[in-house]
Amino acid sequence: MAVLQDPALFADWMVAVPSEIRADPNWPRKGSVVQRYDGREPRMRHAENRHLTVALVERWRPEDELILRLRSGLGGWVRIWVRVQPRPGGALIEVQAEPLTATARLRFTGASRGRAEERCAQVAERLIELAAKEEP
């Protein structure tokens, strides 16, 4: 899916990320990152600031899968799976999330679990919308 490969579209399809971001030039290969960006280049000791990292690609299979680690709004990390299954006349998009840290687990307990699942559905909907715009 071309939408996943375009780093300029990341903030358009991923829910709850800052709009001012930039991705590594090798996006979405394994190990590439998306960072917050305010228009200024980080200097000296701030050049490698891990707190600027919004997402890190853990696995990329161009034909069907992107797995990334996403920084949670509470400061923890969540693993996001995006799977694309080609179907006649389109594709099935599946998005799943799993909390990786204690602070991220707070979003996946009790009533908050439904909100996390809702965000996954929003990611899939946004991917579909963007992919439909790309088709001739």
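As a convention, each chain's residues are numbered from 1 in the sequence order in which they are written. The model is predicted, so local features are restricted to residues of pLDDT at least 70 and side-chain atom pairs to those at 80 or more, both for listing and for counting; the totals for chains, interfaces and linings are taken over all residues. To obtain the side-chain values, all non-hydrogen atoms of the structure were included, while hydrogens and water were left out.

Draft legend 1. Spatial organisation of the sheet that holds strand β1 (residues 21–23). What the 6 strands build is an open sheet, ordered β1-β2-β3-β4-β5-β6; its pairing is antiparallel. If you trace the sheet from one side to the other, it starts and ends with β1 and β6 (90–99), each paired once. Strand-to-strand twist of the sheet, defined as the mean angle between neighbouring strand axes without regard to direction, takes the value 20°. Inspection of the sheet shows strand β4 (residues 65–71) paired to strand β5 (residues 77–87) by 7 bridges, in the antiparallel sense. Along β5, the bridge assignment pairs Arg69 with Arg79. In short, DSSP must find at least two bridges between two strands for them to pair. Secondary structure elements follow DSSP: runs of H or I of four or more residues count as helices, runs of E of two or more count as strands, with numbering from the N terminus. The axes used here are C-alpha line fits, helices contributing only the stretch in contact, and every angle between their N-to-C directions lies in the interval 0 to 180 degrees.

Draft legend 2. Fine view of the layout of surface pockets. The volume enclosed by the largest pocket comes to roughly 400 Å³. Listed by contribution, the elements that provide at least two residues to the lining of the largest pocket are β4, β5, β6 and α4 (112–134). Looking at which element gives the most residues to the lining of the largest pocket, the answer is α4, with 6 residues. Here the term cavity refers to a set of points on a 1 Å grid, laid over the protein atoms alone, in which a 1.4 Å probe fits but cannot get out; the term pocket refers to an open set having protein on both sides within 12 Å along at least five of seven lines, with lining residues being those that place an atom within 4 Å of a point. Grid points are joined across faces, edges and corners, and a volume is the space filled by probe spheres set on the points.

Draft legend 3. Quick peek at the nonpolar core. We define a nonpolar core as any set of buried Ala, Val, Leu, Ile, Met, Phe, Trp, Tyr and Cys residues linked to one another through side-chain atoms lying within 4.5 Å. Only protein chains enter the accessibility calculation, which uses a 1.4 Å probe; a residue is then buried when its area is under 20% of its type maximum, exposed when over 50%, and partly exposed in between. One finds Phe10, Trp13 and Leu68 to be the most contacted residues of the largest nonpolar core, which totals 34 residues. Listed by contribution, the elements that provide at least two residues to this core are α1 (2–5), α2 (10–13), β3 (53–61), β4, β5, β6 and α4. The dominant element in this core, judged by the number of residues it contributes, is α4, at 7 residues. Note on definitions: a residue-residue contact is assigned when non-hydrogen atoms from the two residues lie within 4.5 Å. Non-local contacts of Trp13, meaning those with residues more than four positions away in its chain, are made with Val3, Leu4, Leu66, Leu68, Val82, Val123, Arg126, Leu127 and Leu130.

Draft legend 4. Layout of the pairing of β5. Note: β5 against β6, 10 bridges, orientation antiparallel. Bridge pairing in β6 places Arg83 opposite Glu94. The hairpin turn running from β5 into β6, its antiparallel successor, is 2 residues long, and Gly89 in that turn takes a positive phi close to 80°.

Draft legend 5. Geometry of the environment of Val78. Tracing the chain through its elements places Val78 in strand β5. Val78 sits 20 residues away from Glu98 along the chain, and the two C-alpha atoms are 5.5 Å apart. Apart from residues lying up to four places away in sequence, Val78 is in contact with Leu68, Arg69, Leu70, Ser72, Ala97, Glu98, Pro99, Leu100, Ala104 and Phe108.

Draft legend 6. Region of the structure containing the environment of Ser19. When you line up the elements, Ser19 lands in the loop between α2 and β1. The spacing of Ser19 and Tyr37 is 18 residues in sequence and 8.9 Å in space, taken between C-alpha atoms.

Draft legend 7. Fine view of the packing of aromatic side chains. Side-chain rings of Phe, Tyr and Trp (the six-membered ring for Trp) are treated as a pair once their centres are within 6.5 Å; stacked means planes under 30 degrees apart, edge-to-face means over 60, and tilted covers the remaining angles. As enumerated under the stated definition, the model contains 2 aromatic pairs in all. A centroid spacing of 5.2 Å and a plane angle of 75° characterise the contact between Phe10 and Trp13, whose relative ring orientation is edge-to-face. Taken together, the residues Phe10 and Trp13, both in helix α2 and 3 residues apart, mark about one turn of the helix. Residue class for Phe10 comes out buried when judged on its relative accessible area of 0%. Judged by relative accessible area, which is 0%, Trp13 ranks as buried. Ring plane angle 75° and centroid distance 5.4 Å describe the contact between Phe10 and Trp27, whose orientation is recorded as edge-to-face. Residue Phe10 is located in helix α2, and its partner Trp27 is located in the loop between β1 and β2 (33–36); the two are separated by 17 residues in the primary sequence. Accessibility assignment for this pair places Phe10 and Trp27 in one class, buried. Linked through ring pairs, Phe10, Trp13 and Trp27 together constitute an aromatic cluster.

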